[in-house]
Amino acid sequence: SGSEICITVPLNKDVKMKEIKVSFRTNSLTCKIGQKSIIDGDIFAGVDSDDSHWDVEKKGNRISLLLYLVKLDTRLKWERLLKGIDGAVDVDVIDVDEALRMANETTRRMTEAELG
């Protein structure tokens, strides 16, 4: 369910953009920060490597690397990031479309409650 997966990787404040190396392949993902390998392996399902991308987000004192994976099979719900590894990587995997639906539903409920 959803067309895109967002992976959030916490970063140290002193990380330089040129230290971030990300490689999207149809069936694998590699992410390195400097010399440290953060993610390296076969992913749960296929992605569109041309449309997948990354960005850096700053919220207050927190800095995160956001990896956006565009799913080839939008009907498939991802249970984990990497094949054969259950929760071993310290990242958050979020279905972007599902998160937006949930946020919109929460906003709608709050508005209805305010209007009485």
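Residues numbered from 1 in each chain as written. Predicted model: local features only at pLDDT ≥ 70, side-chain atom pairs only at ≥ 80, totals over all residues. Heavy atoms only, no water.

1. Side note on the confidence of the model for the chain
Then, in step 1: Taken as a whole, the chain shows an average pLDDT of 82; of its residues, 72% reach a score of 70 or greater.
Then, in step 2: Looking across the chain, the model is least confident in strand β7 (residues 92-95), with a mean pLDDT of 58, and most confident in strand β2 (residues 20-24), with 97. (pLDDT = per-residue confidence, 0-100. Helix = DSSP H or I, 4+ residues; strand = E, 2+ residues; numbered from the N terminus.)

2. Description of the sheet that holds β2
Then, in step 1: Here we have three strands laid out as an open sheet, ordered β2-β3-β4, and antiparallel in their pairing. Each edge of the open sheet carries a strand with a single partner, namely β2 and β4 (36-42). When strand polarity is set aside, the average angle formed by the axes of neighbouring strands in this sheet is 5°.
Then, in step 2: Examined bridge by bridge, strand β3 (residues 28-33) and β4 share six bridges and lie antiparallel to one another. Bridged to K32 within β4 is S37. (Pairing = 2+ DSSP bridges. Axes fitted to C-alpha atoms, helices over the stretch in contact; angles between N-to-C directions.)

3. Structural notes on the packing of aromatic side chains
Then, in step 1: Taken as a whole, this structure holds one aromatic pair when the rule is applied.
Then, in step 2: Between F44 and W78, the aromatic rings sit 6.0 Å apart at their centres with planes inclined by 50°, giving tilted as the arrangement. Of the two residues, F44 is situated in the loop between β4 and β5 (53-59) and W78 in the loop between β6 (62-70) and β7; the sequence distance between them amounts to 34 residues. (Phe/Tyr/Trp six-rings, centres within 6.5 Å; stacked < 30°, edge-to-face > 60°.)

4. Remarks on the nonpolar core
Then, in step 1: In this structure, I7, L29, I39, L67, L69, W78 and L81 are the most contacted members of the largest nonpolar core, which totals 21 residues.
Then, in step 2: Listing elements by their share of this core, those giving two or more residues are β1 (4-11), β2, β3 and β6.
Then, in step 3: Not counting chain neighbours up to four residues away, the residues in contact with L29 comprise I7, V22, S23, F24, I39, D40, G41, I43, L67, L69 and L81. (Core = buried A, V, L, I, M, F, W, Y, C linked by side-chain atoms within 4.5 Å. Buried < 20%, exposed > 50% of the residue type's maximum accessible area, 1.4 Å probe, protein only. Contact = heavy atoms within 4.5 Å.)

5. Observations concerning the layout of surface pockets
Then, in step 1: Volume-wise, the second largest pocket comes out at about 150 Å³.
Then, in step 2: Together, T8, E57, K59, R62, S64 and L66 line the second largest pocket.
Then, in step 3: Elements supplying a minimum of two residues to the lining of the second largest pocket: β5 and β6.
Then, in step 4: The element that contributes the greatest number of residues to the lining of the second largest pocket is β6, accounting for three residues.
Then, in step 5: Of the residues in the lining of the second largest pocket, the class split is one nonpolar, two polar and three charged. (1 Å grid on protein atoms, 1.4 Å probe; cavity = no way out; pocket = protein on both sides within 12 Å on 5 of 7 lines; lining within 4 Å. Points joined across faces, edges and corners; volume = space filled by probe spheres on them. Nonpolar A, V, L, I, M, F, W, Y, C, P; charged D, E, K, R; others polar.)

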